[in-house]
Amino acid sequence: MMLIEETTVPDAALPVEEFKAHLRLGSGFGNDSVQDAVLTGFLRAAVAAIEARTNKVLIERDFKLSVNDWQSGDAQPLPVAPVQALTGLSLVDRAGVETPVDGAVYWLERDAHRPRVRAVGAALPGIPAAGHVDVTFRAGFAPALSGAPVDLVQAVMLLAAHYYEFRHETTLSEGCMPFGVTSLIERYKVFRLGGAR
């Protein structure tokens, strides 16, 4: 299984001005925007870290999931949520030839934690031998970070501020995440029980 981010987060979707206020940076000077690129980088890193810990896409964008085998014959879980829409499904043979699948044979089962591609009939289309299937979809809470749940937005702000404050620190333990951030994202984590299937 491989998940590819087809589109990236635009700079306009990140709340740089709100982040400056959160950091209590001075304003009213001629060079107010001199740190914008740095602050944008910390916001991007914080968004990526929160998304990785929760499997939730905060800012809408397009993804492609490639799998060699369906997890079950009639359903395939998608690794992130919330999914807004399925945009396509293609069977790809070993030579790389793509065959689009008619949208009438599959549908999106919406779920806050584990959305799925479902078969309309008894089974999803067969995947070619030594080939794979590409599922394309649009996922995310909103086009901008401000449209995500407020606790996740606050977690991004706290984590980005942590990155900013400790940007020169090299002795912090690997994977260090402030307690306030972990408590804010706790309810969004997916807990898996049982085996892989």
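Asks: Explain unusual backbone geometry here, please?
Replies: Among all residues save glycine, negative phi is the norm, and among peptide bonds the norm is trans. In this model, Ala-81 is joined to Pro-82 through a cis peptide bond whose omega is -10°. Residue position: Pro-82 is located in the loop between strand 3 (75-77) and strand 4 (83-92). The backbone of Asn-55 sits at a positive phi, close to 60°, despite the residue not being glycine. The residue Asn-55 is located in the loop between helix 2 (36-54) and strand 2 (61-67) in this model. At Ala-130, a residue that is not glycine, the phi angle is positive and equals roughly 60°. Following the sequence through the fold, Ala-130 ends up in the loop between strand 7 (116-119) and strand 8 (132-139).

Asks: Just checking my understanding: could you explain helix 1 (residues 16-23) for this structure?
Replies: Think of an α-helix as turning once every 3.6 residues; residues three or four places apart then point the same way. For helix 1, the full list of buried residues reads Val-16, Phe-19, Lys-20 and Leu-23. For helix 1, the angular spread of the buried residues around the axis is 105°, confining them to a single face. Across helix 1 from its buried face, at more than 90 degrees, point the exposed residues Glu-17 and Ala-21. Considering only its buried residues, helix 1 is in contact with helix 2 and helix 3 (150-165). Positive phi appears at Arg-24, one or two residues downstream of helix 1, with a value of about 60°.

Asks: What's the story with the sheet that holds strand 3 in this structure? I'm lost.
Replies: Backbone-to-backbone hydrogen bonds pair the strands of a sheet. The strands run either parallel or antiparallel. Pairing within the open sheet is antiparallel, and its 3 strands lie in the order 3-7-6. In this open sheet, the two strands that pair with only one neighbour each are strand 3 and strand 6 (106-109). Ignoring strand direction, the axes of neighbouring strands in this sheet form an average angle of 20°. Relative to strand 7, strand 6 runs antiparallel, the two sharing 4 bridges. Note that in strand 7 the partner of Glu-109 across the bridge is Arg-116.

Definitions and limits used
Numbering of residues starts from 1 in each chain and follows the order in which that chain's sequence is written. The predicted origin of the model limits local features to residues at a pLDDT of at least 70 and limits the giving and counting of side-chain atom pairs to 80 or more, whereas totals for whole chains, interfaces and linings rest on all residues. Think of the side-chain values as coming from all heavy atoms in the structure, minus any hydrogens and water. Comment: elements are numbered from the N terminus, with helices defined as DSSP H or I runs of at least four residues and strands as E runs of at least two. Exposure is judged per residue with a 1.4 Å probe applied to protein chains only, and the accessible area is read against the type maximum: over 50% gives exposed, under 20% gives buried, and values in between give partly exposed. By definition, the arc is the one covered by directions from the helix axis to the C-beta atoms. Any two residues whose heavy atoms approach within 4.5 Å are treated as being in contact. DSSP calls a pair of strands paired once it identifies at least 2 bridges connecting them. Where helices are involved, their axes are fitted lines through C-alpha atoms of the stretch in contact, as for all axes, and angles between N-to-C directions lie from 0 to 180°.

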